[in-house]
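# Secondary and tertiary structure notes
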Amino acid sequence: MSVLENWSDWKNFLGDRLHQAQHSGMENETVNDLAYQIGDYLSKQVEAKNDQERVLADLWSVASPDEQHAIANMMVKLVNNNGTR
């Protein structure tokens, strides 16, 4: 089963990647830029696997680039409390 199929698993996976980036010294601005790039890639290349991902994909599709950056930044905040540390 892919981590994309379960929202909790997806958040934990992203949380783990975020914590790895933070512990390696990656700055918040870089993390947020990467989150935007990943969100853009996922919206164009990956089909949503659950209801939460469908909502995010729908929001992303109607958002301006500034709003997409805001969505990406909120996802970083959301997953910050997930995963292992």
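Sequence positions are assigned chain by chain, starting from 1 and proceeding in written order. Side-chain atom pairs in this predicted model are given and counted only at pLDDT of 80 or more, local residue features only at pLDDT of at least 70, and totals for whole chains, interfaces and linings cover all residues. Remark: hydrogens and water are excluded; side-chain values derive from all non-hydrogen atoms of the structure.

In the annotation of an unreviewed UniProt entry, the entry for the chain reads DUF3243 domain-containing protein, and the organism field reads Rossellomorea marisflavi.

Take the packing of aromatic side chains next. Aromatic rings from Phe, Tyr and Trp, taking only the six-membered ring of Trp, are treated as a pair when their centres fall within 6.5 Å; an angle between ring planes under 30 degrees marks them as stacked, one over 60 as edge-to-face, and anything in between as tilted. Under the criterion given, the structure shown has two aromatic pairs. Each ring, one from Trp 10 and one from Phe 13, has its centre 5.8 Å from the other, and the planes form 15°; the classification is stacked. Of this pair, Trp 10 and Phe 13 both sit in helix H1 (residues 7-23), separated by three residues, roughly a single helical turn. Taking the centre distance of 5.7 Å and the plane angle of 35° together, the rings of Tyr 36 and Trp 60 count as tilted. One end of the pair, Tyr 36, is in helix H2 (residues 28-45); the other, Trp 60, is in helix H3 (residues 51-62), with 24 residues separating them in the sequence. For the pair shown, Tyr 36 and Trp 60 are each scored as buried. Here a strand is any run of E in DSSP of at least two residues, a helix any run of H or I of at least four, and the numbering for each starts at the N terminus. Throughout, exposure labels follow a simple rule: accessible area from a 1.4 Å probe, protein chains only, divided by the maximum for the residue type, with under 20% read as buried, over 50% as exposed, and the rest as partly exposed.

So, on to the environment of Asp 33. Inspection of the secondary structure assignment puts Asp 33 in helix H2. The exposure class assigned to Asp 33 is partly exposed, which follows from its relative accessible area of 35%. Measuring from C-alpha to C-alpha, the distance between Asp 33 and His 19 comes to 16 Å, with 14 residues separating the pair along the chain.

Before going further, it helps to spend a moment on the pattern of salt bridges. One side-chain nitrogen of Lys or Arg within 4 Å of one carboxyl oxygen of Asp or Glu is enough to make a salt bridge. In the structure shown here, the tally under the stated rule is two salt bridges. Between Lys 44 and Asp 40 there is a salt bridge whose closest N-O contact spans 3.1 Å. Of this pair, Lys 44 and Asp 40 both sit in helix H2, four residues apart, which is roughly one turn of the helix. Here Asp 51 ties to Arg 54 by a salt bridge, and the two come within 3.3 Å at their closest N and O atoms. Taken as a pair, Asp 51 and Arg 54 lie in helix H3 at a separation of three residues, close to a single helical turn. By relative accessible area, which is 39% here, Arg 54 ends up partly exposed.

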